[in-house]
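# Residue-level structural notes
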Amino acid sequence: MGEPRERQLHELLSHEMVDIYVGQENTHWVLHEKLLCHRSKFFRNIFYKKDGSKDSHYGLPDEDDAPFRMFVGWLYSEHIPTPKEEKDLQPLFDLYLMGEKWEIKKLILEVLDAVRRWYHDTNTWPNLRRVQYIYSNTELESPMRQLLVQCVARMLVFQDGMPQHWEKALRRNGQLAVDLILCVQKWHFDPENVPDAREESVAPIVEEAEQKVEIKKEQEGDEDQQMTNGVDHDDEEDEEEGEEEQQEEGGAEGEEEQNEDEES
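Just so you know, these numbers come straight off a predicted model, no measurement behind them.

A cluster of acidic residues, Glu207, Glu210, Glu214, Glu218, Glu220, Asp222 and Asp224, forms a negative patch at the surface. Considering the arrangement of structural elements, one finds Glu207 in helix α11 (residues 203-228). When its relative accessible area of 47% is taken as the criterion, Glu207 is described as partly exposed.

A separate point is the environment of Glu86. If you trace the backbone, Glu86 turns up in the loop between α4 (65-77) and α5 (89-101). As for Glu86 and Tyr119, which are separated by 33 residues in sequence, their C-alpha atoms are 9.2 Å apart.

As a further point, take helix α8 (residues 143-157). Under the 1.5 Å per step criterion, the end-to-end length of α8 is 21 Å for 15 residues, consistent within 8% with the ideal 21 Å. Residues Met144, Arg145, Leu147, Leu148, Val149, Cys151, Val152, Ala153, Met155 and Leu156 constitute the buried set of α8.

Below, the discussion takes up the state of the cysteines. Throughout the structure, instances matching the rule amount to 0 disulfides. Cysteine Cys151 remains unbridged, with the sulfur of Cys183 as its closest cysteine sulfur at 8.9 Å. Accessibility expressed as a relative area gives 17% for Cys151, which makes it buried.

About the criteria used
Residues numbered from 1 in each chain as written. Predicted model: local features only at pLDDT ≥ 70, side-chain atom pairs only at ≥ 80, totals over all residues. Heavy atoms only, no water. Patch = residues over 30% accessible without salt bridge, like charges linked within 9 Å, V, L, I, M, F, W, Y side chains within 5 Å. Areas by Shrake-Rupley, 256 points an atom, 1.4 Å probe, with all protein chains shown as cover. Salt bridge = Lys/Arg side-chain N within 4 Å of Asp/Glu carboxyl O. Lys, Arg positive; Asp, Glu negative; His and termini not counted. Charge placed at Lys NZ, Arg CZ, Asp CG, Glu CD. Helix = DSSP H or I, 4+ residues; strand = E, 2+ residues; numbered from the N terminus. Buried < 20%, exposed > 50% of the residue type's maximum accessible area, 1.4 Å probe, protein only. Expected span 1.5 Å × (residues − 1). Disulfide = S-S within 2.5 Å.

By themselves, these observations are geometric and do not establish any function.
Below, the structure written as structure tokens:
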């Protein structure tokens, strides 16, 4: 079956209902069959079978109650709650994953736009935790992957240096690193504005390498000293990465507050 034409809500509230059981507790939802199947290609295939037979119930044991409750809210209102702080993005990402699994193009578009507007309006960037969550739950072609990668690529290209937690993540996740490079390639930089190592002195390259070697030696010496003193360096690194992510999320907001204080 192809995509049905858009219809008004009152046209979709038929007498036929379906039973949906969600999560390990089998939370019972009774939904309008025509509405659910109109919105979702996945559920059309479940409840409208090619052989003409029909089911009236379906289980979703791997879904959580809270995101599904948000989905039901969207199903009947086509309204997505506006996030007020960064932690409010997680339910949106869960809602988005439902849109992908259940093939609901309109939901995918609306959640993508809500996430895009959040990062734009707050002048922030996707943090590593959000990107990793999406990468672990989506396929290569996922639109949410593409949105987050495009944001992260701009953040990394135009800031000074590479945050340590991002560097470690890119070393571990080759696909993410490749996606970032492919994204930057699409920007089609003017070659005249990009340094060409073939035309320049190699001395700066050697100097930079020497500096990195010295820094590495100092860090290794610090690690040996910390382990000698009984300090678990890995735990400290995890804490530092968490702090870096928090600074990354709140950096732009802090700058705005500082500017307001200076103006006052």
